[in-house]
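# Observations on chain architecture
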Amino acid sequence: MSSTKSPAEKSENYSGFTAEERAAMKEHAQEQKKTAARRGASKAEKEAAAEQDVLAKIAEMPEADRVLAERVHEIVKAAAPGLAPKLWYGMPAYARDGKVVCFFQSAEKFKSRYATLGFSDQAALDEGTMWPTVFALKELTAADEQLVRMLVTKAVG
């Protein structure tokens, strides 16, 4: 059974990407250009530049998100020194062999009421047939920090 609506009528209810989503895509394009521009650099230079990009992005965040992101950055670096910091759609992320394993999304990024710590399908968090991959962060207690350490350690296998 085919629809009788014209393409214009069908798209009438579709508003497209939000301003935040468009901004994230633009940031990703800029990240790709930076990566391409660094092709001639040594691995150590590339990694240092990528970490500086992450730290600069964290420094731009509102205070509440910045505090969380700084602590997550410290925990990930300590728990999984083999992960390389990088920007991913304008978010601090941590990758193995160029593939994002985990990332921090500030609450401001998509106008959410909390920041999140997320894990990609590259993370070895599999547990049964269903498991969480994104965690809401409003603050980090000592117990929360221990959980983040455990999750990051498990994610890298």
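See the structure printed just above.
Report follows, based on the coordinates. (Residues numbered from 1 in each chain as written. Predicted model: local features only at pLDDT ≥ 70, side-chain atom pairs only at ≥ 80, totals over all residues. Heavy atoms only, no water.)

### Quick look at the layout of surface pockets
- Empty space within the largest pocket amounts to approximately 690 Å³.
- In this structure, the largest pocket is lined by 25 residues; those nearest its centre are Ala50, Ala84, Pro85, Lys86 and Gly98.
- Within the residue set of the lining of the largest pocket, elements represented by two or more residues are helix H2 (19–37), helix H3 (43–60), strand S1 (84–88) and strand S2 (91–96).
- For the lining of the largest pocket, the leading source of residues is H3, giving 6 residues.
- Residues of the lining of the largest pocket, tallied by class, amount to 8 nonpolar, 5 polar and 12 charged.
- Taken as a whole, the second largest pocket spans an internal volume of roughly 240 Å³.
- Lining the second largest pocket are 15 residues, with Glu27, Lys57, Ser106, Glu108 and Lys109 sitting closest to its centre.
- When residues of the lining of the second largest pocket are traced back to their parent elements, those giving at least two are H2, H3 and S2.
- The element that contributes the greatest number of residues to the lining of the second largest pocket is H2, accounting for 5 residues.
- Taken together, the residues that form the lining of the second largest pocket break down as 6 nonpolar, 2 polar and 7 charged. (1 Å grid on protein atoms, 1.4 Å probe; cavity = no way out; pocket = protein on both sides within 12 Å on 5 of 7 lines; lining within 4 Å. Points joined across faces, edges and corners; volume = space filled by probe spheres on them. Helix = DSSP H or I, 4+ residues; strand = E, 2+ residues; numbered from the N terminus. Nonpolar A, V, L, I, M, F, W, Y, C, P; charged D, E, K, R; others polar.)

### Let's talk about unusual backbone geometry
- At Tyr89, a position not held by glycine, the phi torsion is positive, near 55°.
- When you line up the elements, Tyr89 lands in the loop between S1 and S2.
- For Tyr89, a relative accessible area of 29% translates into the label partly exposed.
- One non-glycine residue, Asp97, lies in the positive phi region at around 55°.
- Overall, the relative accessible area of 78% leaves Asp97 in the exposed class. (Buried < 20%, exposed > 50% of the residue type's maximum accessible area, 1.4 Å probe, protein only.)

### Some details on the side chain of Glu51
- You can see Glu51 is positioned in helix H3.
- A polar contact of 3.3 Å, which involves the side chain of Glu51, links it to the side chain of Lys77.
- Once residues within four sequence positions are removed from consideration, Glu51 is found in contact with His73, Lys77 and Pro85. (Polar contact = N/O pair within 3.5 Å; in protein donor to acceptor, adjacent residues only side chain to side chain. Contact = heavy atoms within 4.5 Å.)

### Points about the pattern of salt bridges
- Tallied over the entire structure, the rule returns 11 salt bridges.
- Here Glu27 and Lys57 are joined by a salt bridge, their closest N and O atoms 2.6 Å apart. In this pair, Glu27 sits in helix H2 while Lys57 sits in helix H3, placing the two residues 30 residues apart along the sequence. Across the pair, Lys57 and Glu27 agree in class, each one buried.
- Taken together, the salt bridges that share partners define one network made up of Glu27, Lys57, Glu60 and Lys109. (Salt bridge = Lys/Arg side-chain N within 4 Å of Asp/Glu carboxyl O.)

### Here we look at the packing of aromatic side chains
- For the structure shown, the criterion picks out 3 aromatic pairs.
- When the ring of Trp88 is compared with that of Phe103, the centres are 5.0 Å apart and the planes differ by 50°; the resulting orientation is tilted. Of this pair, Trp88 sits in strand S1 while Phe103 is found in strand S3 (residues 99–105), placing the two residues 15 residues apart along the sequence.
- Assessed through its relative accessible area of 24%, Trp88 is described here as partly exposed.
- Ring centres of Phe119 and Phe135 lie 6.2 Å apart, and the angle between their planes is 85°; on these two criteria the pair is classed as edge-to-face. (Phe/Tyr/Trp six-rings, centres within 6.5 Å; stacked < 30°, edge-to-face > 60°.)

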